[in-house]
Amino acid sequence: MKDFLKYTLATVVGIILTSIIFTIISIVSVAGMVASEGAGASVPKNSVLRISLDTEVVERAGEGSPMDFLNQGEQATIGLDQALDAIKKAAKNDRVKGIYLEAGSLGCYPADLHELRQAMLEFKESGKWIVAYGDSYSRGSYYLCSIADEIILNPNGMIDWSGLASRPIFYTGLMKKVGVKMQVFKVGTYKSAVEPFINTEMSEANREQVQSYLNSMWNNMQKDVAKSRKLSVETLNAFADSASVLSEAYVYVENNLADKLGYLSDVKDALRERLELEEDDDLNFTNIADVAASDDLGDKVDEEVAVYYAYGEINDSPSMGFNQEHAITTKETITDLQKLRKDDDVKAVVIRVNSPGGSAFASEQIWHEVQLLRAEKPVVISMGALAASGGYYISCGANKIFADPMTLTGSIGIFGMIPDASELLTEKLGLSFDVVKTNAMSDFGATGRPFNAGECAKLQNYINNGYELFTGRVAGGRGMAQDSIKAIAEGRVWTGEQAVKIGLVDKLGNLDDAVKAAAELAELEKYTIGRYPSPTPWYMGLLDKEKNGYLEGQMRATLGEYYPAFALIRRIGKMNPIQARMPFDPNIK
């Protein structure tokens, strides 16, 4: 009887708790729907599109929590796709008069910054204005804000224009202390993803490539800012060398990096003046989400150019556990591409790739599906911030490849990395192992011992074969001899600007350029742009135990710039040991 009462009570409590949870979800969902009702008509007259740059830019905007509406339009991240849509629509929307950029510490890859900046340039060509203000401008936010008609800096503020740096973290000393060492097998002099686990500093080859792509990015950024601010590149470079972050605010105005000093109240006065408002009139601010959701001014037609977003690490399976953000997974990606191949309304496909690579096996499977797709309709690649190693693997077989000048791509190489924890297990923990086996390789990969010479030779041969396959795929896709590909491969990372010159990329351009090229290949005069796959609904995060959203958020806030290192250690054991990817964290600051 006691057990009966106990289980009955537990069941009743469970039902009550479940009911409460689903009631809360329902209330919040209704609130979200009410808040978003008529989102397309929520842009008031005489509006200013306010964009806060004190955030992080991600490839796509998801369907956030319906409680976001309580956050006064603020977004935890900016989705690049949504921001580009909003800026494009704002240029055509008579209700939006200008853009107000609120500078801050912006987390964004250089290629994404460049694409946003190009969109703002086109916005200005519509005859509308941009005003920027900040207490402090990070390098990324200043690069964007330099396009503004007026740059206002707080009288006690600063502008960081001190150049780019890469500061990789090396784990070798930590691993030695705990008794673990990495057994590494690779092809490619420049394949540096393994270095943090076997070295304590960059190799000369890696230092050479990092210096090369940083210089390429920085030169592009300086040229753009020099043109907007009517300064010479030499002047900007000299200012970068003179500890710009330590200058007094008036120095930035004297050097024409800012137009004037002022407080937030002064900025509002400047915006009122541009809008020709009276002193007591309210400023109408709108945000990226509302403008992006406003009515599309284009005509709808049946023929479609599909844009498929492939971003994140390339994995064999959907879940990699803690810190696994959006990923390109084999089964899901192949299924999505198959649907696009069989959809008769889809006449061409643009694959937007933003990936550092990942599993070599998964990359090969996705490459094969891209070839099947290309056999039936044109396929064009639009490279985002990263399209390297496995990211390049899945791109190389397309009809055309577009990249941003500051895209990081190439990194054509393969490596294997398997930890040897024998010292930890035997010497530090006191464990011992024995074996009985029927064949020489029966205990291949066994815990408690390193690989022997024969096993090492077989693993290296496996990696060599993977490299031959990779370079062969690239050679076929690019119409080049395999030896020519090997000469520019070796795991070396190139910027988009460099990649065009050596034949890895066809043209420099953004997503719009790639869509236009796809339409031309499909001989389309009028077409609709479809975006795939659909963003994951916010409530799926509540049901996904693997994401550990709260814990991840707390760790991210606590560890700051060291969080990627912590997250990598947590998940590296779950990765496919054979990888086609660039360094785990480029760490460009």
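The coordinates are above.
These lines cover the structure that appears in this document, whether it is placed above or below.

Each value, and the rule that gives it
- Residues numbered from 1 in each chain as written.
- Predicted model: local features only at pLDDT ≥ 70, side-chain atom pairs only at ≥ 80, totals over all residues.
- Heavy atoms only, no water.
- Helix = DSSP H or I, 4+ residues; strand = E, 2+ residues; numbered from the N terminus.
- Contact = heavy atoms within 4.5 Å.
- Areas by Shrake-Rupley, 256 points an atom, 1.4 Å probe, with all protein chains shown as cover.
- Pairing = 2+ DSSP bridges.
- Axes fitted to C-alpha atoms, helices over the stretch in contact; angles between N-to-C directions.
- Buried < 20%, exposed > 50% of the residue type's maximum accessible area, 1.4 Å probe, protein only.

Considerations on the overall build of the protein chain
Stage number 1. Counting its regular elements, the protein chain contains 22 helices and 22 strands.
Stage number 2. Of all intrachain contacts in the protein chain linking residues separated by at least 6 positions in sequence, the fraction that spans at least 24 positions is 76%.
Stage number 3. When the accessible surface of the protein chain is split by element, carbon and sulfur atoms take 52% of a total near 28600 Å².

Notes on the sheet that holds strand β9 (residues 284-286)
Stage number 1. One open sheet accounts for six strands, arranged β8-β6-β5-β4-β1-β9; its pairing is parallel. Looking along the sheet, the strands with just one partner apiece sit at the ends: β8 (260-261) and β9.
Stage number 2. As paired strands, strand β1 (residues 47-52) and strand β4 (residues 96-102) are joined by six bridges and run parallel to one another. Opposite Val48, over in β4, you have Gly98 as the bridge partner.
Stage number 3. Taken strand by strand, helix α10 (residues 264-275) contacts β1, β4, β5 (129-137), β6 (150-159) and β9, and its axis lies near 180° from that of β5.

Focus on the environment of Leu277
Stage number 1. Checked against the element boundaries, Leu277 lands in the loop between α10 and β9.
Stage number 2. Distance from Leu277 to Asn46, taken between C-alpha atoms, is 9.5 Å for residues 231 residues apart in sequence.
Stage number 3. Residues in contact with Leu277, not counting those within four places in the same chain, are Asn46, Arg272, Asp282 and Leu283.

Here's the deal with the pairing of strand β10 (residues 304-311)
Stage number 1. Of all eight residues in β10, eight are buried, a share of seventy percent or more.
Stage number 2. Alignment of β10 against strand β21 (residues 528-532), held across five bridges, turns out to be parallel. Its bridge partner lying in β21, Ala306 is registered against Gly530.
Stage number 3. Across eight bridges, the pairing between β10 and strand β13 (residues 346-355) is parallel. Counterpart to Tyr311 in the pairing with β13 is Asn354.

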